[in-house]
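A look at the structure
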Amino acid sequence: GSDEIEGQQIGDIQLHWIESKLKQSPFIRDAQSYINLNGDLTIDITQRCPVIRIINPLGATYYLDTSCKHIPISETGTFHVPVAAPSGMYSSMNMSGMLTLDTCLTKLGKEISKDEYLTALTGQILIQDSGQFTILPRLGNTEIFIGDTSNLTDKFRRIKTFYQYTLPQTGWHHYRKINLEYLNQIIAIKE
């Protein structure tokens, strides 16, 4: 049949067809359609929510949403989320390795997006060949090494405390690297 529904009788409109067409869009997570008591067609759409942008060495650029699904870059606008730049190891990864990396990046992006302070702090995420992560803040030269994605809530609590209480006393450029890899520790390396 035709893709046009304008002018069709209410009884002829295929609601499941409309929903399935909408769900084909990489920007739509879910779509529900119904006809209300006034005879109006109503469509409720749930948009995918990007949490991180990937720029890999192979040239592909895309977003990952909260459920680890790829969202293509849109020509109509951008999302203000952290940018992750995998290293050269990405080009030699198999599909399983890429999926594991995407899962870790989604977890990282979701944890950052939960907190306004972390969202404002995080500029770029570097991915070492070992699969560990370093955050480059939007301001300053300090690298924040977080290691793997275990204990992220605790790691981010520690970095927020460090930024709120230690850096105002020592200065933003006093430390070159902050290591959050180890449980209950902050290792700060001076310039």
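Preceding this paragraph is the structure being described.
Residues numbered from 1 in each chain as written. Predicted model: local features only at pLDDT ≥ 70, side-chain atom pairs only at ≥ 80, totals over all residues. Heavy atoms only, no water.

1. What to know about the packing of aromatic side chains
The relative placement of two aromatic rings is captured by the distance of their centres and the angle of their planes. Quick note on the threshold: Aromatic contacts are taken between Phe, Tyr and Trp rings whose centres are within 6.5 Å, Trp giving its six-membered ring; a plane angle under 30 degrees counts as stacked, one over 60 as edge-to-face, and the others as tilted. Each helix corresponds to a stretch of at least 4 residues labelled H or I by DSSP, and each strand to a stretch of at least 2 residues labelled E; elements are numbered beginning at the N terminus. Three exposure classes are used, based on accessible area relative to the maximum for each residue type with a 1.4 Å probe and protein chains only: buried under 20%, partly exposed in between, and exposed over 50%.
Taken as a whole and judged by the stated rule, the model has two aromatic pairs. Ring geometry for Tyr63 versus Phe79: centroids 5.1 Å apart, planes at 90°, classification edge-to-face. Taken as a pair, Tyr63 in strand 4 (residues 61-65) and Phe79 in the loop between strand 5 (70-72) and strand 6 (83-86) lie far apart in primary sequence, 16 residues in all. Accessibility expressed as a relative area gives 0% for Tyr63, which makes it buried. Judged by relative accessible area, which is 28%, Phe79 ranks as partly exposed.

2. Some words on the pattern of salt bridges
The line we're drawing: Whenever Lys or Arg places a side-chain nitrogen within 4 Å of a carboxyl oxygen from Asp or Glu, that contact is recorded as a salt bridge.
Under the defined criterion, the tally for this structure stands at seven salt bridges. In this structure, Arg157 engages Asp154 in a salt bridge whose closest nitrogen and oxygen atoms are separated by 2.4 Å. With Arg157 and Asp154 both in helix 4 (residues 152-170) and three residues apart, this pair spans about one turn of that helix. Under the relative-accessibility criterion, Asp154 is labelled buried at 15%. One salt-bridge network, held together by shared partners, links Asp154, Arg157 and Arg158.

3. Overview of helix 2 (residues 95-113)
Using the following cut-off: Here the expected length of a helix is defined as 1.5 Å per residue gap, with one fewer gap than residues.
Spanning 19 residues, helix 2 covers 26 Å between terminal C-alpha atoms, matching the ideal 27 Å at 1.5 Å per step. Within helix 2, burial applies to Gly97, Met98, Leu101, Asp102, Leu105, Thr106, Leu108, Gly109, Glu111 and Ile112.

4. Details of the sheet that holds strand 4
Formally: Two strands are said to pair when DSSP picks up at least two bridges between them. Lines fitted to the C-alpha atoms define the axes, with helices restricted to the stretch that makes contact. Angles between their N-to-C directions range from 0 to 180 degrees. Note on contacts: a residue pair is in contact if any heavy atoms of the two residues lie within 4.5 Å.
Sheet architecture is open: nine strands sit in the order 5-4-3-6-7-8-9-10-11, paired in mixed fashion. The sheet is open, and its two borders are formed by strand 5 and strand 11 (187-190), each paired with just one other strand. Ignoring which end each strand starts from, the neighbouring axes of this sheet average 25° apart. Where strand 3 (residues 50-55) and strand 4 come together, five bridges link them in antiparallel fashion. Opposite Pro50, over in strand 4, you have Asp65 as the bridge partner. Where helix 2 meets the sheet, it contacts strand 3, strand 4, strand 5, strand 6, strand 7 (122-127), strand 8 (133-137) and strand 9 (143-147), and its direction lies at approximately 135° from that of strand 3. Helix-sheet contacts for helix 4 involve strand 8, strand 9, strand 10 (175-179) and strand 11, and the interaxial angle to strand 10 is about 155°.

5. A look at the side chain of Asp65
The test is simple: By the criterion applied in these results, polar contacts are pairs of N or O atoms within 3.5 Å in which, for protein atoms, one can donate a hydrogen and the other can accept it, and in which residues neighboring in sequence qualify only through two side-chain atoms.
As for its placement among the helices and strands, Asp65 is situated in strand 4. Asp65 gets classed as buried once you look at its relative accessible area, which sits at 1%. Of the polar contacts made by the side chain of Asp65, one reaches the side chain of Arg48; its length is 2.9 Å.

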